[in-house]
Amino acid sequence: MFRISRDRPWPPSIDLATVRETLIYMRDDARAIPGLEKVAQSLDAAIQDVDVAQAKLTPVSYSPIASRFLPARLRPTS
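Residues numbered from 1 in each chain as written. Predicted model: local features only at pLDDT ≥ 70, side-chain atom pairs only at ≥ 80, totals over all residues. Heavy atoms only, no water.

> Quick one: what's the story with the overall build of the protein, residue by residue and with numbers?
Tallying secondary structure elements over the protein gives two helices and two strands in all. Starting at the N terminus and ending at the C terminus, the protein contains elements arranged as β-α-α-β. Here the protein, with 78 residues, has 12% of them falling under the buried criterion. On the protein, roughly 7,000 Å² of surface is accessible, and the fraction owed to carbon and sulfur atoms is 60%. (Helix = DSSP H or I, 4+ residues; strand = E, 2+ residues; numbered from the N terminus. Buried < 20%, exposed > 50% of the residue type's maximum accessible area, 1.4 Å probe, protein only. Areas by Shrake-Rupley, 256 points an atom, 1.4 Å probe, with all protein chains shown as cover.)

> Any details on helix α1 (residues 16–31)? Residues and values, ideally.
With 16 residues, α1 ought to run about 22 Å at 1.5 Å a step, and its terminal C-alpha atoms sit 22 Å apart, in line with that. For α1, the set of buried residues is Leu 16, Leu 23, Arg 27 and Ala 30. Buried residues of α1 fall within an arc of 60° about the axis and therefore sit on the same side. Among the exposed residues of α1, those pointing more than 90 degrees away from its buried face are Tyr 25 and Asp 29. Residues of α1 that are buried sit in contact with α2 (37–56). (Expected span 1.5 Å × (residues − 1). Arc of directions from axis to C-beta. Contact = heavy atoms within 4.5 Å.)

> Tell me about the side chain of Arg 27, residues and numbers included.
Following the sequence through the fold, Arg 27 ends up in helix α1. For Arg 27, the residues in contact, after removing those within four places along its chain, are Ala 40, Leu 43, Asp 44 and Ile 47.

> Go over the nonpolar core, please, and point to the residues and values.
Of all hydrophobic cores here, the largest spans five residues; its members are Leu 16, Leu 23, Leu 43, Ile 47 and Val 50. Sorting the residues of this core by element identifies α1 and α2 as the ones contributing at least two each. Sort the elements by how many residues they give to this core and α2 lands first, with three residues. Ignoring sequence-local partners within four residues, the contact set of Ile 47 consists of Arg 20, Leu 23, Ile 24 and Arg 27. (Core = buried A, V, L, I, M, F, W, Y, C linked by side-chain atoms within 4.5 Å.)

> Go over the packing of α1 against α2, please, and point to the residues and values.
Two elements in contact, α1 and α2, have axes whose closest approach is 9 Å; the angle formed by their N-to-C orientations is 165°. Between α1 and α2, the crossing angle belongs to the class labelled roughly antiparallel. Crossing angle aside, the handedness with which α1 passes α2 is left-handed. Listed contacts from α2 to Leu 16, Ala 17, Val 19, Arg 20, Leu 23, Ile 24, Met 26, Arg 27, Ala 30 and Arg 31 of α1 are Val 39, Ala 40, Leu 43, Asp 44, Ala 46, Ile 47, Val 50, Asp 51, Ala 53 and Gln 54. Broken down by class, the residue content of the contact of α1 with α2 amounts to 14 nonpolar, one polar and five charged. (Axes fitted to C-alpha atoms, helices over the stretch in contact; angles between N-to-C directions. Parallel < 35°, antiparallel > 145°, perpendicular 65-115°, else oblique. Left-handed = near helix turned anticlockwise from the far one by under 90°. Nonpolar A, V, L, I, M, F, W, Y, C, P; charged D, E, K, R; others polar.)

Scope: geometric values only; no functional claims are made or implied.
Listed below in C-alpha cells is the structure:
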C-alpha cells in the first residue's frame with residue numbers, strides 16, 4: 001500500500017502550462033462571442049496570474065525515496 005506522509009504533505013501538482021493553454025482557448029472563444037468581452041478580459045487577467053505563478057514556481061523533483069510502501073493491514077477473520 002502506498003501512503004503519503006501526513007507529517008510533510010506534498011503540494012498538489014498542477015501543470016500550469018496546460019492551465020494556461022486552456023484559459024487561452026476559453027479567452028479566444030469568449031472574444032468571438034458578442035457580450036462576453038468582460039469574460040475575455042477576466043481570462044486575460046487569469047492568464048497573467050498563471051504567468052506570474054509559473055515564474056515564481058521552483059521545480060519540484062518527486063523522488064521515489066520520499067514515498068514509502070507499507071504492508072496491507074490484515075483484517076481478523078471471525
